[in-house]
Amino acid sequence: MTSFSARTNGHRASTSVRIREVAERAGVSMGTVSNTINHPERVSRKTRELVRDAIGELGFVPNQHARVLMGASSNVIGLVVVDVLSPFFMEIAHAVERAAHDAGHVVILCNSENDHDREDTLLEMLAAQRVRGALVSPAGGGVPTASGLQDFPVVYLDYKETSSGCSVSVDHAAGGHLAAQHLLSMGHTKLAFVGGLPGLQQFELRAQGMRDAIIEAGLDPLPILTEVHEEGIGLESGKKAAQYLMSAGLPSGICCGNDMIAFGVFRELRRCGVRIPEDVALVGYDDVEFAKSWIVPLSSVRQPTEEMGRRAAELLFQHAAGDPQHRHQQIVLQPELIVRDSSTPDWRARTNLHQLR
């Protein structure tokens, strides 16, 4: 579905409608119609809406293949993520799609499954299709492969670029620090970090942040912090991590690398009779939409997903436009700890008090 097919008012899409007719219907020049289709960033939002309305009413279908062959910019961008089943990446995808729609673009979503070779292939295919560029959340365990596509605009998403490219990321070390600080302030002296997808930069930084907070508290991380790294980032990985922690000596405070892992840890601990938060305080990461509605509302380190997706898309549009004023940026956003019932021991008392009111 493209952004030019929102309204047709009963007209069947047709290639017989000419650009001159669209211009007359919208009350603009043919050049403005062409810019709306080929270079939407050059046209004001109000004018884009007028042109799109006329396109929908007349059923005009731009010949995208002909446009690209003639050297026009594509209105398609790629989005490559490590796991399309992750609620976090779906929230990112929604933010990117909204930003793309506002700029007159559409998004192709691709899944690398945390595999560098697959990521390589996907980027090569997107470049071969002459899309405008791609947003990439790189696979873990190595250098992002997009660097081999010299003329293909790429912006890294949820990954801190350390060279000269564009990226939008979150300070994940600060996020892990917030979680550990919170658990330590609650009196917990035996902690665990549960991550997934070994080698993924985000999990490594979150674990490092926890270690840093422990050291800042004047403690030794070695006897205090247990680190568990599973192969996935979903419920099953959380369940397996919980089983390991129970066999190795259950800590009183657990921070998980994402909320889905935290939900898996919660389910397995609860199945085994462990109470949360009375026996174990639990903190997730990402603060996905249903974290606040979980069985016991989940404390979580919130990532600014809306801002991350929007700003990454904007950087890609600027990069792809070839603007000589554009300078590569490495934007780092700050996380926020959202404390809910899963990490506070008095949650039942507060719930009862609220019901009495």
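The sections below set out a description of the structure shown in this document. Every value quoted in this text rests on a predicted model; they were computed, and no experiment measured them.

Quick look at empty space enclosed by the protein now. Applying the stated criterion across every chain yields a total of one cavity of 30 Å³ or more. Its volume calculated, the largest cavity comes out at about 110 Å³. Lining of the largest cavity is provided by 15 residues; of these, Phe88, Phe89, Phe203, Arg206 and Asn258 occupy positions nearest its centre. Within the lining of the largest cavity, the residues separate by chemical class into seven nonpolar, five polar and three charged.

Before going further, it helps to examine the packing of helix H10 (residues 235-248) against helix H11 (residues 259-271). Direction vectors running N to C along H10 and H11 enclose 50°, while the axes themselves pass 6 Å from each other. Classed by the angle they form, the pair H10 and H11 counts as oblique. Taken as a pair, H10 and H11 cross one another with a handedness that is right-handed. Within the contact between the two elements, H10 uses Leu235, Gly238, Lys239, Ala242, Gln243 and Met246 and H11 uses Met260, Ile261, Phe263, Gly264, Val265, Arg267, Glu268 and Leu269. In terms of residue class, the contact of H10 with H11 is made up of eight nonpolar, three polar and three charged.

Let us now look at unusual backbone geometry. Between Ile276 and Pro277 the backbone carries a cis peptide bond, its omega angle lying at 15°. Its location among the elements puts Pro277 in the loop between H11 and strand E9 (281-286). Look at Glu113: it is not a glycine, yet its phi comes out positive at around 55°. Its place among the elements puts Glu113 in the loop between strand E2 (106-111) and helix H6 (116-128). Given the relative accessible area of 52%, Glu113 is considered exposed.

Here the focus is the packing of aromatic side chains. In the structure shown here, the tally under the stated rule is five aromatic pairs. Taking the centre distance of 5.8 Å and the plane angle of 80° together, the rings of Phe266 and Trp294 count as edge-to-face. On the criterion of sequence distance, the pair formed by Phe266 in helix H11 and Trp294 in the loop between E9 and strand E10 (299-302) is long-range, its members being 28 residues apart. Here a set of aromatic residues connected by ring pairs shows up, and it is made of Phe263, Phe266, Phe290 and Trp294. A cation over a ring is seen here: Arg206 above Tyr285, with NZ or CZ 3.9 Å from the ring centre.

What counts and what doesn't
Residues numbered from 1 in each chain as written. Predicted model: local features only at pLDDT ≥ 70, side-chain atom pairs only at ≥ 80, totals over all residues. Heavy atoms only, no water. 1 Å grid on protein atoms, 1.4 Å probe; cavity = no way out; pocket = protein on both sides within 12 Å on 5 of 7 lines; lining within 4 Å. Points joined across faces, edges and corners; volume = space filled by probe spheres on them. Nonpolar A, V, L, I, M, F, W, Y, C, P; charged D, E, K, R; others polar. Axes fitted to C-alpha atoms, helices over the stretch in contact; angles between N-to-C directions. Helix = DSSP H or I, 4+ residues; strand = E, 2+ residues; numbered from the N terminus. Parallel < 35°, antiparallel > 145°, perpendicular 65-115°, else oblique. Left-handed = near helix turned anticlockwise from the far one by under 90°. Contact = heavy atoms within 4.5 Å. Buried < 20%, exposed > 50% of the residue type's maximum accessible area, 1.4 Å probe, protein only. Phe/Tyr/Trp six-rings, centres within 6.5 Å; stacked < 30°, edge-to-face > 60°. Lys NZ or Arg CZ within 6 Å of the ring centre and 35° of its normal.

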